[in-house]
Amino acid sequence: MHGLEKLSHLHAATFHLDDDARKARLSLRFTFLNADFLSSIQVLEPRLSWLVQQQAGTFLQHRFDLLGSGPTVVAHGLQCKGVDGMSYPASSPILADHSGRWLMGRINRTNLTESQRIWQLIGPGYVPIDWQLDFKSGYRWGENIWHRDIPIGRLPGMDIKVPWELGRLQHLPTLALACHFARADDPRFLEAGKYAQEFRNQVLDFISTNPPGFGVNWSCPMDVAIRCANLLVARDMVIVSGEHLDDAFERVFAASILAHARHVVKNLEWSPVYRGNHYLANIVGLLFAAAYLPNSDEVDGWLAFSLQELVAEVDYQFHEDGSNFEASVCYHRLSAEMVLWGFALLSNLSAEKIGVLTQPDHQRKELPRLRSKTWAMHLIPGSDRVSPVPPWCWERLAMMADFTQALTRPDGTVTQFGDNDSGRFLIIGSGEQIRADNDRAAYAWSLDHGSLLAGIRALSANNSGNAAHDDPAAHIVRAFAGFDSTVRTAIPAHTAMGSFVGVGDEQVWSDQMRRFECTAQAGRWKTHFPAKPPGLLNEMTYQAFMGMGCFVFRSPRVYLAVRCGEIGISGLGAHAHCDQLGIELVLDGVDHVRDPGTCIYTASMEKRNAYRSATAHHVPRVKGREPANLNLGPFDLRGGAEGECLYFGSKGFIGRHQGYGQWVYRIIALEDDAISVLDFIDGELSLSDPTPLSLPFSSGYGYPVGHASVPA
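Residues numbered from 1 in each chain as written. Predicted model: local features only at pLDDT ≥ 70, side-chain atom pairs only at ≥ 80, totals over all residues. Heavy atoms only, no water.

## Quick notes on the pairing of strand E7 (residues 550–555)
- In terms of burial, E7 is a largely internal element, five of the six residues being buried.
- Across five bridges, the pairing between strand E6 (residues 541–545) and E7 is antiparallel. When the sheet's bridge partners are listed, Gln 543 is paired in E7 with Val 552.
- The sheet contact formed by E7 and strand E8 (residues 558–563) spans six bridges and is antiparallel. When the sheet's bridge partners are listed, Phe 553 is paired in E8 with Leu 560. (Buried < 20%, exposed > 50% of the residue type's maximum accessible area, 1.4 Å probe, protein only. Helix = DSSP H or I, 4+ residues; strand = E, 2+ residues; numbered from the N terminus. Pairing = 2+ DSSP bridges.)

As structure tokens, this is what we get:
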């Protein structure tokens, strides 16, 4: 099948030039994003315009700071700094002539003519971005390589995530937002037309130099889908700012959206068992395309299919308590963000699109697994408007916010159980970047998930007086959903924050404490975290998320999170770490134990394994052993032990796992003046000090920058 697809791509143009592409005209969604709306946001957060002006200014220069790259002007011929001493030779500089002759030899023969035609639409003086470049290591993929032949992680230092991250085009909505501030006569901004022109030029640059199906930026359908959504939202925002986009651009743009959607449909990252955030991104990106593109049998089929699958994946990928099934707090944010924007879009469908879903005789192109012919419309809770989102989905979305709130530390950042690749879906006016100050570590804002909380609560009537509602992202999500200040939604009541879900009883606690005392000295270890003065237990609350396996104790002086549960993604463990029974502990504002993060993926397997190893986490430790096999691959922990909670309550926590071939236990005893951690093991193995190795803290993917090696 793939062989036939490759032959087709090599022998015919992949730019979509059929009648549907030529006739396509896209709709708008940001109906309430206007000068008055922008002013109201600016009153709430005066630093927003400063942030947008600073970021838009760097994007005008093609300067990007992604995944630890540091601020870098991404251009052809760039000599990159390298990763851990590995730097690949720079490609030759180019002279990009207006006719597009410079594309010869880069773009495959069948796409060259259309690529040159699109390039000729770009304004004079524009310098192209090198979209194929890993601008950390300097490794460069090729524009003419078929997407399934793109190599991933085969050479030291090469990191495909870098061009993928840039190729998501998540910076374009910020350029679009700059148009609004500029038209509002903010003196810090250039003329609005300069931002709109840069948006136009960068889009045409990307489309002309990245023919559909070729190059690094078509090799991952997830990134294709995320790019599709960001392109649509950015264009939407540029137009509602009052800036004009010409017909020639609009035709190329619409055809590209069609190409994005068709590529996603042909390359869905679905698996009957091991699907996760990639497939969810496919579906939400396809939903965006189907909502914006004009109706046709093909597009209408996409709309019905993406709605069906989005609802199904919310149920499959998010537990009833709101936690995500990938065993990662940061991937929970990414996936919840997709659901949030998907639900917001479905709250603002046109009557024509609703008709596609509700009319039983409506013709739609069939897709594999498309089941429902019609969809019921439901009142959006607390409003008189309807959407196809079932009521239980709104409740699940609210619980996603509860999980994020629970795993948020006293300093406003989240606990990094599992992987963190700094992934986002849409980044528009994110308050976490505004809240970051110069005293925080580089990229620390990526651990501030406040914008997700704000966005979810923006669709709830219960957000009045809530600080999170002041986050600009909250207002932008509401605008995208079509809600003005007179519309208030009310997500149904659900389990409140601070609720107590107990596990086990006094007898379980007494029995396990007695077993610890009876275990031979070599088979047990005690770690004591004292605090003065007493009073740690005052106002203590307890939250259990049994789905992922996270248990949180919180008081004015204590933040204690415990990891004990599933491996993730139905046992694949693609984004799990060897952190079963691991803790993160803050006493009186001081970090005593903190998860070190993720650092990197395929660019360095040494670092990848160092950061997901048991030695990186405060867990029961058997010297020289891991509770999972780290040699299966960078995204495979199959066979790793799951954690089992035996007790969670006012006395503390007890859990166990069999990762070392024998049951290993951890008791966490809450005392008024200390937190004690008691580890013991069944059998003949000996336990060692659970104190983690001193790895440099990684606040986001690609960080810390520049450390040459990891401890042995």
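## Focus: helix H15 (residues 391–406)
- Taking 1.5 Å of rise per residue, the 16 residues of H15 would be expected to cover 22 Å, and the 23 Å separating its terminal C-alpha atoms lies within 8% of that figure.
- The buried fraction of H15 is high, at 12 of 16 residues.
- For H15, the full list of buried residues reads Cys 393, Trp 394, Arg 396, Leu 397, Ala 398, Met 399, Met 400, Ala 401, Asp 402, Phe 403, Thr 404 and Ala 406. (Expected span 1.5 Å × (residues − 1).)

## Comments concerning the sheet that holds E8
- An order of E6-E7-E8-E9-E10 is seen for the five strands of this open sheet, with the pairing classed as antiparallel. At either end of the open sheet lies a strand with only one pairing partner, and these are E6 and strand E10 (590–593). Sheet twist, expressed as the average angle between the axes of neighbouring strands with direction ignored, equals 15 degrees. (Axes fitted to C-alpha atoms, helices over the stretch in contact; angles between N-to-C directions.)

## Quick look at unusual backbone geometry
- With an omega dihedral of -5 degrees, the bond running from Lys 532 to Pro 533 counts as a cis peptide bond.
- Assignment of secondary structure puts Pro 533 in the loop between strand E5 (524–530) and E6.
- With an omega dihedral of 0 degrees, the bond running from Tyr 703 to Pro 704 counts as a cis peptide bond.
- With respect to the secondary-structure elements, Pro 704 resides in the segment after strand E14 (674–681).
- Non-glycine residue Leu 169 carries a positive phi angle of around 60 degrees.
- The topology assignment puts Leu 169 in the loop between helix H6 (161–167) and helix H7 (172–183).
- Residue classification places Leu 169 among the buried positions, given a relative accessible area of 1%.
- Positive phi, close to 50 degrees, is recorded for Ile 569, a residue that is not glycine.
- What makes Ile 569 buried here is its relative accessible area of 4%.

## Quick word on the pairing of E6
- Where burial is concerned, most of E6 is hidden: four out of the five residues are buried.
- Hairpin geometry of E6 and E7 is characterised by an intervening segment of four residues between the two adjacent antiparallel strands and by a positive phi of about 95 degrees at Gly 549.

## With respect to the confidence of the model for the chain
- When the pLDDT values of the chain are averaged, the result is 90; 89% of them are 70 or greater.
- Predicted confidence for residues 437–443 stays below pLDDT 50, and this span has 12 contacts to residues more than four positions away or in other chains.
- pLDDT under 50 marks residues 706–712. Its contacts with residues more than four places away, or in other chains, come to 14 contacts. (pLDDT = per-residue confidence, 0-100. Contact = heavy atoms within 4.5 Å.)

## Describing the packing of aromatic side chains
- The full count for this structure, using the stated rule, is 26 aromatic pairs.
- The interplanar angle of 85 degrees and the centroid separation of 5.5 Å between the aromatic rings of Tyr 88 and Tyr 139 together place this pair among those described as edge-to-face. Pair noted here: Tyr 88 is in the loop between strand E2 (72–73) and helix H5 (109–119) and Tyr 139 is in the loop between H5 and H6, with a separation of 51 residues, a long-range link. Accessibility classification places Tyr 88 together with Tyr 139 in one group, the buried group.
- For the pair Tyr 542 and Phe 648, a centre-to-centre distance of 6.3 Å together with 80 degrees between the ring planes defines the contact as edge-to-face. Here Tyr 542, found in strand E6, pairs with Phe 648, found in strand E11 (residues 644–649); they are 106 residues apart in sequence, far enough to count as distant. With respect to burial, Tyr 542 and Phe 648 carry one shared label: buried.
- Pairwise contacts between aromatic rings join Tyr 542, Phe 551, Phe 553, Phe 648 and Phe 653 into one cluster.
- Over the ring of Tyr 701 we find Lys 161, and its NZ or CZ is 5.3 Å from the ring centre. (Phe/Tyr/Trp six-rings, centres within 6.5 Å; stacked < 30°, edge-to-face > 60°. Lys NZ or Arg CZ within 6 Å of the ring centre and 35° of its normal.)

## Here's the deal with the pattern of salt bridges
- For the coordinates displayed, the defined rule picks out 33 salt bridges.
- Notably, a salt bridge pairs Arg 409 with Glu 584, separated by 3.0 Å at the nearest N-O pair. Highlighted residues: Arg 409 in the loop between H15 and helix H16 (431–435) and Glu 584 in strand E9 (residues 583–587), separated in sequence by 175 residues.
- When its relative accessible area of 4% is taken as the criterion, Arg 409 is described as buried.
- The closest approach of N and O atoms between Arg 524 and Glu 517, which form a salt bridge, is 3.7 Å.
- Assessed through its relative accessible area of 17%, Arg 524 is described here as buried.
- Here Glu 517 falls in the exposed class, since its relative accessible area comes to 51%.
- Counted as one network, the salt bridges with shared partners bring together Arg 409, Asp 411, Glu 584, Asp 591 and Arg 594. (Salt bridge = Lys/Arg side-chain N within 4 Å of Asp/Glu carboxyl O.)

## A closer look at the packing of helix H12 (residues 297–317) against H15
- Running from N to C, H12 and H15 cross one another at 45 degrees; their axes reach a closest spacing of 11 Å. Considered as vectors, H12 and H15 are oriented oblique to each other. Once H12 is placed against H15, the crossing between them reads as left-handed. Of H15, the residues touching H12 (which contributes Val 311, Val 314 and Asp 315) are Trp 392, Cys 393, Arg 396 and Met 400.
- Tallied by class, residues from the contact of H12 with H15 come to five nonpolar, no polar and two charged. (Parallel < 35°, antiparallel > 145°, perpendicular 65-115°, else oblique. Left-handed = near helix turned anticlockwise from the far one by under 90°. Nonpolar A, V, L, I, M, F, W, Y, C, P; charged D, E, K, R; others polar.)

## Some details on the packing of helix H8 (residues 192–209) against helix H9 (residues 221–240)
- Across the interface, H8 lies against H9 with an axial gap of 11 Å and an inter-helix angle of 150 degrees. Considering the angle they form, H8 stands roughly antiparallel to H9. In this structure, the crossing between H8 and H9 has a hand that is left-handed. Of H9, the residues touching H8 (which contributes Ala 196, Phe 199, Val 203 and Phe 206) are Arg 227, Leu 231, Ala 234, Arg 235 and Val 238.
- Residues of the contact of H8 with H9, tallied by class, amount to seven nonpolar, no polar and two charged.

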